[in-house]
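# Examination of the molecular architecture
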Amino acid sequence: MRALICLQEIYTKSEITNKLSPIDKVMAKYINKVARSDTTLVQRYVKRSSGSVRGAYLEFLNNFDLVESIIRAEREGFDGVIVNCFNDPGLHIAREIVNIPVIGVCESSIHVASILGGKIAIITNSPVHIPKLAGLIERYGVRDKMISRKPIRSCNYSFPKDYIDGIKDPCKSFIPKFEKLAKECIDDGADVIIPGCTIAELIFDKAGYNEIGNTGVIVLFPLAVAIKMAESLVDLKKSIGLSKSMAEYAPYGRRDVQLIKQARKRYGLDSRERSE
């Protein structure tokens with residue numbers, strides 16, 4: 001079943017080109033490798049970016065154009081959207097306002113991890129992300145699936161330098177640094193490790209690294225899972241009409257369309273869109 005899916009980036013095209021060009025090229029190849037042959041994945045970029053989501057305020061600023069880009073994707077005929085950031089920025093806002101599936105990388109990967117193993121740990125790239133991810137764990141109802149001691153830990157990678165170096169040579173320092181921390185998580189009971197950044201899985205995939213040593217503990221690739229989740233939900237919507245709950249009390253349910261239109265008019269959103 002054919003699917004047109006938007007892979008929504010959180011950066012502008014110029015930011016990607018200027019800072020993350022080597023990573024962007026690997027990302028394009030990777031997503032096409034993971035997706036089905038009848039799925040078209042299109043990378044989309046925001047028009048404005050705060051340059052980072054390391055903190056609530058920066059994420060708040062970034063979410064505005066991120067959500068507007070997702071609204072445009074639905075209007076342009078995309079079947080679904082994946083927000084390509086492990087922090088799931090703008091996810092729940094976008095899911096409320098559009099009727100196509102909107103997939104969060106953290107949400108989908110953590111639920112699949114709970115199927116594949118008993119106890120989960122997340123290794124992110126900065127301690128700044130830990131409070132946000134701790135909140136997502138509570139929101140997604142998976143706290144009892146996480147290891148009890150420090151379920152979210154940070155490798156403190158330098159972004160983007162360590163990632164670009166990791167793309168060039170995964171085994172020099174990027175993977176050893178991750179594995180050292182992963183083994184500490186294993187000592188605390190983890191049997192599934194999720195890298196808390198979709199760029200990290202590009203590096204791991206290049207090295208064929210999907211298990212921590214010979215422990216049997218898996219490294220779950222969150223973006224790959226999100227792509228498959230998006231394909232599945234698009235298929236289910238097309239085949240049997242399965243969609244989000246539209247009950248008024250549901251988290252993404254029916255909202256007052258007129259109020260939304262009036263608010264968008266006040267902010268000049270639709271007129272701005274026509275002029276761009």
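Check the entry above for the structure.
Because the structure is a prediction, the values reported are computed rather than measured.

### What about empty space enclosed by the protein?
Counted under the stated rule, the structure contains 1 cavity of 30 Å³ or more. A volume near 50 Å³ is recorded for the largest cavity. In terms of lining, the largest cavity is formed by Ile-123, Thr-124, Asn-125, Tyr-157, Tyr-163, Phe-174, Phe-178, Pro-195, Gly-196, Cys-197 and Ala-200. Looking at the lining of the largest cavity, the elements that each hand over two or more residues are strand E5 (120-124) and helix H8 (174-187). Looking at the lining of the largest cavity, its residues break down into 8 nonpolar, 3 polar and no charged.

### Examining the side chain of Arg-264
Along the chain, Arg-264 falls in helix H11 (residues 257-266). Residue classification places Arg-264 among the buried residues on the basis of a relative accessible area of 11%. Discounting chain neighbours no more than four positions away, the residues touching Arg-264 are Glu-68, Ile-71, Arg-75, Leu-269 and Asp-270.

### A short note on the sheet that holds strand E8 (residues 218-219)
The sheet built from 4 strands is open, its strands ordered E6-E5-E7-E8 with parallel pairing. At either end of the open sheet lies a strand with only one pairing partner, and these are strand E6 (152-154) and E8. Across the sheet, helix H5 (residues 105-116) touches E5, strand E7 (192-195) and E8, and the angle it forms with E7 is around 165 degrees.

### What to know about the environment of Ser-52
Tracing the chain through its elements places Ser-52 in the loop between strand E2 (39-44) and helix H3 (56-75). Taking the C-alpha atoms as reference, Ser-52 lies 22 Å from Ser-108; in sequence the two are 56 residues apart. Aside from chain neighbours lying at most four places away, what touches Ser-52 is Tyr-11, Leu-58 and Glu-59.

Calculation notes
Residues numbered from 1 in each chain as written. Predicted model: local features only at pLDDT ≥ 70, side-chain atom pairs only at ≥ 80, totals over all residues. Heavy atoms only, no water. 1 Å grid on protein atoms, 1.4 Å probe; cavity = no way out; pocket = protein on both sides within 12 Å on 5 of 7 lines; lining within 4 Å. Points joined across faces, edges and corners; volume = space filled by probe spheres on them. Helix = DSSP H or I, 4+ residues; strand = E, 2+ residues; numbered from the N terminus. Nonpolar A, V, L, I, M, F, W, Y, C, P; charged D, E, K, R; others polar. Buried < 20%, exposed > 50% of the residue type's maximum accessible area, 1.4 Å probe, protein only. Contact = heavy atoms within 4.5 Å. Pairing = 2+ DSSP bridges. Axes fitted to C-alpha atoms, helices over the stretch in contact; angles between N-to-C directions.

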